[in-house]
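Coordinates in review
Here is what each chain is made of, one letter per residue.
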Amino acid sequence: MYNELLEFELGYVSRKDGGDHIRIRSAAQPAFAPRCIAELEATVGELTDELLDELSRQESPDLMELAHRLPLLVITAMLGAPRKDAERLKRWCDDINGRRRRMPARPELVQRAKQGLAKYRQYVSEIIEHGESEPRTGLVATLLAAEGRGQLTRDELVATYALVLHAGHLTTANLIGNGVLALLKHRNQWRLLRDDLSLAPGAVEETFRYDAPVQLSLRTAAVDLELSAVEIPAGTPVALLIGAANRDPKVFSRPDDVDITRRGNDHLALGHGVHFCLGGPLARLQGQVVFSTLARRFPGTKLAADPDTLPRSTGASMRGVMSLPVKFGA
């Protein structure tokens with residue numbers, strides 16, 4: 001067993017490379033296949049309507065409440081967990097992410113993150129054991145079948161679950177928050193979406209590019225290379241600035257403008273190549289459903305605060321607003 005649960009759970013699977021990475025990724029891939037994602041569309045739509053109903057009855061609605069709760073409820077369903085456990089998952093996720101919101105992290109935040117991750121690990125282990133005794137579908141069945149084939153170890157199975165919670169919650173919440181903020185701030189783009197809901201997929205892709213939920217990714221140079229006259233020896237840690245790449249004027253025309261009709265939007269917000277985000281299709285689905293449902297049901301929605309004063313997360317990697325007050329309009 002690994003001594004550092006935090007590094008194991010959040011880094012072990014995502015930083016694997018070569019044959020191990022392909023083996024672990026291919027074990028979970030069937031649960032994120034297009035057919036499986038399509039089957040979740042009705043569930044995502046029902047949850048979005050339910051959460052919007054709750055918010056619309058509030059005197060001062062904060063759309064980040066929906067942005068955080070929707071991915072957690074979807075992940076809870078994927079894990080085969082009871083819906084009532086979604087709040088527990090959120091608390092653990094907040095503890096896990098707490099150390100990443102302050103750099104360098106305070107010792108008490110690191111300790112809280114480890115405790116939260118240990119609790120989640122125990123919770124997942126119980127779900128897996130229950131799944132072994134009863135027929136299951138979705139992610140549970142997919143990973144248990146992979147373990148049965150010898151494709152995954154039990155530690156790798158549990159780490160994959162932890163990665164689904166960590167990567168699937170906060171990044172999707174930030175996608176929704178950043179996207180709605182960009183659309184409501186740029187009213188001409190909101191009107192385009194309001195008048196043509198088929199533009200929702202383009203709105204999601206432009207949100208990913210314009211205000212990426214993850215701003216940087218850490219990698220290690222596999223070979224000696226030279227980049228812009230800078231020598232980078234093999235083994236050197238490298239920070240890939242996704243947010244900057246997505247605003248590269250050599251790749252994107254008018255990179256600082258929001259354009260939900262943009263063509264050839266080859267952003268890097270979901271990674272690239274063999275490390276392309278496994279849960280990307282699920283995040284896209286949730287973003288599309290939220291954007292289109294909000295524009296259809298409340299086309300007169302406006303920001304209820306100055307967008308330039310909204311509090312944002314303080315971490316170096318994750319980027320998102322912590323509060324998004326709105327006024328709904330018919």
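First, a word on what this report is: a plain description of the structure on this page. Residue numbers restart at each chain and count upward from 1, following the sequence in its written direction. Totals for whole chains, interfaces and linings use every residue, but because this is a predicted model, local features are given only for residues with pLDDT of at least 70 and side-chain atom pairs only at 80 or more, for both listing and counting. Side-chain metrics rest on all non-hydrogen atoms present in the structure, leaving aside hydrogens and water.

Details of the overall build of the chain
Strands here mean DSSP runs of E at least two residues long; helices mean DSSP runs of H or I at least four residues long; both are numbered from the N terminus. Along the backbone of the chain there are 13 helices and 6 strands. Counting every position in the chain, which comprises 330 residues, the buried fraction comes to 47%. Whether two residues are in contact is decided by their heavy atoms, any of which lying within 4.5 Å being enough. Nonlocal contacts in the chain, meaning residues at least 24 apart in sequence, comprise 71% of its contacts between residues at least 6 apart. Of the roughly 16,000 Å² that the chain leaves accessible, carbon and sulfur atoms contribute 53%. Under the scheme applied here, a residue whose accessible area is under 20% of the maximum for its type counts as buried, over 50% as exposed, and between as partly exposed, the area being computed with a 1.4 Å probe on protein chains only. The accessible surface values rely on the Shrake-Rupley method and a 1.4 Å probe; as for residues, cover is taken only from the protein chains in view.

Side note on the nonpolar core
Joining through side-chain atoms within 4.5 Å is the link that ties buried Ala, Val, Leu, Ile, Met, Phe, Trp, Tyr and Cys residues into a set, and such a set is a nonpolar core. In this structure, Y120, Y161, L193 and L324 are the most contacted members of the largest nonpolar core, which totals 80 residues. With 13 residues, the top contributor of residues to this core is helix α9 (residues 154-185). Setting aside its immediate chain neighbours within four residues, L324 contacts P61, D62, L63, M64, G177, V180, L181, L303 and L310.

A short note on the environment of D196
You can see D196 is positioned in the loop between α10 (187-195) and α11 (200-210). The sequence separation of D196 and R296 amounts to 100 residues, and the corresponding C-alpha distance is 9.5 Å. Between N or O atoms, a polar contact is any pair within 3.5 Å; within protein, one atom must be a potential hydrogen donor and the other a potential acceptor, and residues adjacent in sequence are included only when both atoms are from side chains. There is a polar contact of 2.5 Å between the side chain of D196 and the side chain of S198.

Re the packing of aromatic side chains
Here a Phe, Tyr or Trp ring, Trp counted by its six-membered ring, pairs with any other such ring whose centre lies within 6.5 Å, and the pair is stacked when the planes are under 30 degrees apart, edge-to-face when over 60, and tilted otherwise. The final tally for this structure, using the stated rule, is 3 aromatic pairs. Taken together, W92, Y120 and Y123 form an aromatic cluster joined through their ring pairs. In this scheme, Lys NZ or Arg CZ marks a charge over a ring once it lies within 6 Å of the ring centre and within 35 degrees of the ring normal. Positioned over the ring face of F252 is R209, at 5.4 Å from the centre of the ring. Note that R247 overlies the ring of Y210, its terminal NZ or CZ placed 4.3 Å from the centroid.

Examining the packing of α10 against helix α13 (residues 280-297)
As a packed pair, α10 and α13 sit with axes 9 Å apart at the nearest point and diverge in direction by 85°. Put simply, α10 runs roughly perpendicular to α13. Contacts between α10 and α13 involve W190, L193 and R194 on the former and, on the latter, F291, L294 and A295. Axis lines are fitted to C-alpha atoms, over the contacting stretch for helices. Their N-to-C directions set the angle, which ranges from 0 to 180 degrees. Each angle is binned into one of four classes, with values under 35 degrees roughly parallel, values over 145 roughly antiparallel, values of 65 to 115 roughly perpendicular, and all other values oblique.

What about the packing of α9 against α13?
Two numbers describe how α9 lies on α13: the axes approach to 10 Å, and their chain directions differ by 35°. The element α9 and its partner α13 pack so that their crossing is right-handed. Where α9 approaches α13, its residues T172, L175, I176, G179, V180 and L183 are matched on the opposing element by A283, Q286, G287, V290, F291 and L294. Residue composition of the contact of α9 with α13, grouped by class: 8 nonpolar, 4 polar and no charged. Two helices that cross are described as forming a left-handed crossing if the nearer one is turned anticlockwise from the farther one by less than a right angle, and a right-handed crossing if clockwise. Throughout this entry, Asp, Glu, Lys and Arg are counted as charged residues, while Ala, Val, Leu, Ile, Met, Phe, Trp, Tyr, Cys and Pro are counted as nonpolar. The remaining residues, Gly among them, count as polar.

From the geometry alone we can't say anything about function, so treat these as descriptive.
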